[in-house]
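# Fold and contact review
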Amino acid sequence: MKVLGFGDNIVDRFLDRGIDYPGGNSVNVAVFARRLGVEAAYLGVFGDDELGPFLRESIAAQGVAVDRCVVRPGETGVSHLRVDDGDRVFLGWNGGGVTVREPLVLDAGLVAYASSFDLVHSSVYSRSESELPKLRTRVSYDLSSEDEFRTPAYLDRVCPHADLVLLSCSHLDVPATEALLGQVVRRGAGIALATRGVEGAIAHDGEVTVSAGALPVAEPVDTMGCGDAFLAGFAVSLLRAGWQRAALERALRDGATAAYEQCLVEGAFGGGRPILSRIEK
């Protein structure tokens, strides 16, 4: 079983800690899938600045293959954050750097490579929308929480090419969440999955709607990557069960377990290093 993260990578710069951590939605899902025991790889663009090798080496150190990635002239994406009482606070970013500005276009060779995986995961932060129709395997896609990625036009670009769509819905009540999930499936997604923070998660496939509670974390270390961990746990569980409707409830529980464990980790998957003094903080 193999999972590919396709698209974004970024350095999560925690200004309160003075530490840079490797991360990125697509990277995180690949790393978390690898930790769940499946073969994993990452496919994307690294910048040629000094942060690019840091990211590449950090990902490879997790047992995730990066041999098909490319390096382009330009800066690495950096997001600036701090942690307040275990919750991350986003302070801004540089737009994702060259990874987002010049995203990877899949040629015939890369299409064949990506399609050899059991699941390819990407996100709104990857600018991969145009590449999704090329893939010939299961696709998961993270729609995050921003309204700009929930318009009918955007959903119509992504949903017909996604077997699983993840949405962060902690700011919505249950009726609004279920309505959004229904819209996503009607526009072509196989399964729509909503994470709702401490309220748990809901999955809908057009026929059934299944929900599960979250596992309470008394003292979270860091919520960075918890949604990505949930997605990885859910997707790997479904893959192992043959991607069957009957497995949705178990997949939700496995996702909740993965998210719980992630809340006890500093950074997305560790590997932090002090911010170098010559890099602007």
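Attention here is on the structure that accompanies the text. Computed from a predicted structure; not experimentally measured.

### Thoughts on the packing of aromatic side chains
Tallied over the full model, the rule gives four aromatic pairs. Between F14 and Y21, the aromatic rings sit 5.4 Å apart at their centres with planes inclined by 85 degrees, giving edge-to-face as the arrangement. According to the relative accessible area criterion, F14 is buried, its value standing at 0%. With relative accessibility at 3%, the residue Y21 sits in the buried group. Arranged with centres 5.2 Å apart and planes meeting at 80 degrees, the rings of Y113 and F117 form a pair that is edge-to-face. For the pair Y113 and F117, a shared accessibility class is recorded, and that class is buried. Taking the ring centre of F14 as reference, the NZ or CZ of R17 above it sits at 4.7 Å. Between the NZ or CZ atom of R273 and the centre of the ring of F54, over which it lies, the distance is 4.3 Å.

### Considering the sheet that holds strand β14 (residues 273-274)
Whenever strands of a sheet pair, they do so through backbone hydrogen bonds, lying parallel or antiparallel. The strand order across the open sheet formed by five strands is β7-β6-β2-β3-β14, and the pairing between neighbours is mixed. The open sheet has two free edges, formed respectively by β7 (87-93) and β14, since each of these has just one partner strand. Direction of pairing for strand β2 (residues 10-14) relative to strand β6 (residues 78-84): parallel, over a ladder of four bridges. Within β6, the residue paired with D12 across the bridge is S79. Across the sheet, helix α2 (residues 51-61) lies against β2, β3 (19-23), β6 and β14, angled at about 55 degrees from β3, the strand it touches most.

### Comments concerning helix α1 (residues 25-35)
By the criterion of burial, α1 is predominantly enclosed, with nine of the eleven residues buried. Every buried residue of α1 is listed here: N25, S26, V27, N28, V29, A30, V31, F32 and A33. G37 sits one or two residues past α1 and shows a positive phi near 100 degrees.

### Comments concerning empty space enclosed by the protein
If you walk through the whole model with that rule in mind, you get one cavity of 30 Å³ or more. If you add up the space inside the largest cavity, you get close to 50 Å³. Secondary-structure elements contributing two or more residues to the lining of the largest cavity are β1 (2-7) and β4 (39-47).

### A few points about the sheet that holds strand β8 (residues 119-123)
Taken in spatial order, the nine strands of this open sheet run β5-β4-β1-β8-β9-β10-β11-β12-β13, and their pairing is mixed. The open sheet has two free edges, formed respectively by β5 (70-72) and β13 (209-212), since each of these has just one partner strand. The average undirected angle you get between the axes of adjacent strands in this sheet is 15 degrees. Relative to strand β10 (residues 164-168), strand β9 (residues 138-142) is paired through three bridges, and the arrangement is parallel. Within β10, the position partnered with S140 by the bridge is L164.

Parameters at a glance
- Residues numbered from 1 in each chain as written.
- Predicted model: local features only at pLDDT ≥ 70, side-chain atom pairs only at ≥ 80, totals over all residues.
- Heavy atoms only, no water.
- Phe/Tyr/Trp six-rings, centres within 6.5 Å; stacked < 30°, edge-to-face > 60°.
- Buried < 20%, exposed > 50% of the residue type's maximum accessible area, 1.4 Å probe, protein only.
- Lys NZ or Arg CZ within 6 Å of the ring centre and 35° of its normal.
- Pairing = 2+ DSSP bridges.
- Helix = DSSP H or I, 4+ residues; strand = E, 2+ residues; numbered from the N terminus.
- Contact = heavy atoms within 4.5 Å.
- Axes fitted to C-alpha atoms, helices over the stretch in contact; angles between N-to-C directions.
- 1 Å grid on protein atoms, 1.4 Å probe; cavity = no way out; pocket = protein on both sides within 12 Å on 5 of 7 lines; lining within 4 Å.
- Points joined across faces, edges and corners; volume = space filled by probe spheres on them.

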